Every structure is written in C-alpha cells, then in structure tokens.
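Residue-level structure breakdown
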Amino acid sequence: MTRVGEIVSVLARPDGGLERVVVPDHLVEHLFTDTGHRVTRADLDVFQLSETQAFVRGRRRRQRHVNTTTVSHHPAVQAIRLFANDDGDAASWLTHLRDIISPFPVHGCLAMVPSRDQLMVLPLVDITSVGWLDVLVSAGQSAHNAAARPLSSRLLWVRSSGIASFHSEISLDETALHAPDGFTDAVNRLAQRALRTVDAVA
C-alpha cells in the first residue's frame, strides 16, 4: 500500500480529477506518489485523509526539498532567475516562491512556467525590474514552444496574496498583454519610490 508520506504536489493543467486551483481556469496542483501514481479521490479513502489534508501534505513534502533547487540566471538579464530541481518538476516551485526568493519583494514577482521542469522568475525589486518584462515573456514563450512537457505560456504575477495571470490579446500585427487587477498600481508605486530616491540624492 502507498504510504501517506510519499505524496507530493505537482503543478499541472486542469483535467477534472483530484486537483487544487493555483491560477483559476489555467493551473492546478495534482498529487503524485514517489512511484508516479496520480492520487485519486478513491486513494484518499485508503489514506484516511480529507482532500485538504492531502494537499497540505503534498505541499509540505515539496517545501521540505527547497534545498535541492538550483538557480541560474538568464544569459542576457541577470535579474531573471532560472530554477531547476532534482525531480524535474521545477515549475511546481511556483507556489513556494516565498521560500526560495529572499527577501520576497513587497510587490511580488513575475514568473513563467513554460514546462514542468522550468521556472523563470523576475523579482519586482524596483522600477527597472519592470523593464525586463518583455525579455521574460519572450524567453518563457520560446521555452514553452520548444518544451517536451509544455505547461504554460502565460505571464504570472506572484504575490503573498496569491497568483494572478496576465492575458494576451492577439491582433494582426501585435500581441497585447492585459495586466491583472492591481499590477498597474504596483508599478506606479515602484516608479514613485524611484522618483523619491532621485529627489533625495539631488
């Protein structure tokens, strides 16, 4: 019988099975055992766990392995961090960014999970960070198109309060990104802070 302690959460696309929403209508968490078995609702009866208890265990299991995460940087933009880990499910660290980005920025991070084994993160530490948004999107979409296990081509905004998605609107000559609620206000606050810094130096 599968031991309860072997459950781990994995970021995935929704399929109607046992899952917990991460980004509404876009990304969810599934639960797997170390043997690769997808946990079902029937398994929860065997484990004598509620759905909530199972997902808490799955997240805690992944969180305990934070030290197995390795980080590199985008070759052109050092501010963009690229994450990998031993189990090939680096994208699942999206829900644990507060554990691996320290200090975690007040206005959060921009992130992309182009495939199961890729997590790209741009911490919003100041207004210059916003200027690298296009580089992150380009890298993420290219990686998604080339991935053996593609996951998402969307730009995500990760905050302490949750994860929101940018939405793309494609026309004949361009692709426009529509920011989630609150993002423009956050950018304005970063810009105002930069102006105050300049005034203080002057």
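Since this is a predicted model, take the numbers as computed values, not measurements.

1. Some words on helix α2 (residues 51-63)
Relative to the 18 Å expected for 13 residues at 1.5 Å per residue, α2 spans 18 Å between its end C-alpha atoms, a close match to the ideal helical length. Every buried residue belonging to α2 is among A54, F55, G58, R61 and R62, and all of these are buried. The buried residues of α2 occupy an angular sector of 120 degrees when projected down its axis, which confines them to one face. Against the buried residues of α2 lie β1 (8-12), β2 (20-23), β3 (27-32), α1 (41-47) and β5 (81-85).

2. Quick notes on the sheet that holds β1
Sheet architecture is open: three strands sit in the order β1-β3-β2, paired in antiparallel fashion. Of all strands in the sheet, those with a lone pairing partner are β1 and β2, marking the two edges. Here the strands of the sheet are splayed against their neighbours by 40 degrees on average, with no regard to which way each runs. Sheet analysis places β1 next to β3, joined by five bridges and oriented antiparallel. If you follow A12 over to β3, its bridge partner there is V28. Here α2 sits on the sheet and contacts β1, β2 and β3; the angle it forms with β1, its principal contact strand, is near 90 degrees.

3. Examining the confidence of the model for the chain
Summarising the model, the chain shows a mean pLDDT of 88, and 89% of its residues fall at 70 or more. Considering each helix and strand of the chain separately, the mean pLDDT is smallest for strand β10 (residues 167-170), with a value of 76, and largest for strand β8 (residues 156-159), with 97.

4. Overview of the side chain of S129
Within the secondary structure, S129 sits in helix α4 (residues 127-130). With a relative accessible area of 4%, S129 lands in the buried category.

5. Points about the layout of surface pockets
Each pocket or cavity is described by its volume, and for the second largest pocket that value is around 200 Å³. Along the wall of the second largest pocket there are 15 residues; nearest its centre are T95, V158, R159, G162 and I163. Of all the secondary structure elements, the ones that give two or more residues to the lining of the second largest pocket are β2, α3 (97-100), β8 and β9 (162-165). In terms of residue class, the lining of the second largest pocket is made up of seven nonpolar, five polar and three charged.

6. Comments concerning helix α5 (residues 133-146)
For α5, spanning 14 residues, the distance from its first C-alpha to its last is 20 Å, which sits close to the expected 20 Å at 1.5 Å a residue. Those residues of α5 lying buried are L133, L136, V137, A139, G140 and A143. Considered in projection along α5, the buried side chains sweep an arc of 165 degrees and stay on one side of the axis. Seen from the buried face of α5, the exposed residues on the opposite side, beyond 90 degrees, are D134, N145 and A146.

7. What about the pairing of β2?
Where a strand is regular, its side chains alternate between the two sheet faces. By the bridge criterion, three bridges tie β2 to β3 in an arrangement that is antiparallel. The residue bridging V23 from the neighbouring strand is L27, located in β3. Hairpin connection of β2 to β3: three residues between the antiparallel strands, including D25 at a positive phi of 60 degrees.

About the criteria used
- Residues numbered from 1 in each chain as written.
- Predicted model: local features only at pLDDT ≥ 70, side-chain atom pairs only at ≥ 80, totals over all residues.
- Heavy atoms only, no water.
- Helix = DSSP H or I, 4+ residues; strand = E, 2+ residues; numbered from the N terminus.
- Expected span 1.5 Å × (residues − 1).
- Buried < 20%, exposed > 50% of the residue type's maximum accessible area, 1.4 Å probe, protein only.
- Arc of directions from axis to C-beta.
- Contact = heavy atoms within 4.5 Å.
- Pairing = 2+ DSSP bridges.
- Axes fitted to C-alpha atoms, helices over the stretch in contact; angles between N-to-C directions.
- pLDDT = per-residue confidence, 0-100.
- 1 Å grid on protein atoms, 1.4 Å probe; cavity = no way out; pocket = protein on both sides within 12 Å on 5 of 7 lines; lining within 4 Å.
- Points joined across faces, edges and corners; volume = space filled by probe spheres on them.
- Nonpolar A, V, L, I, M, F, W, Y, C, P; charged D, E, K, R; others polar.

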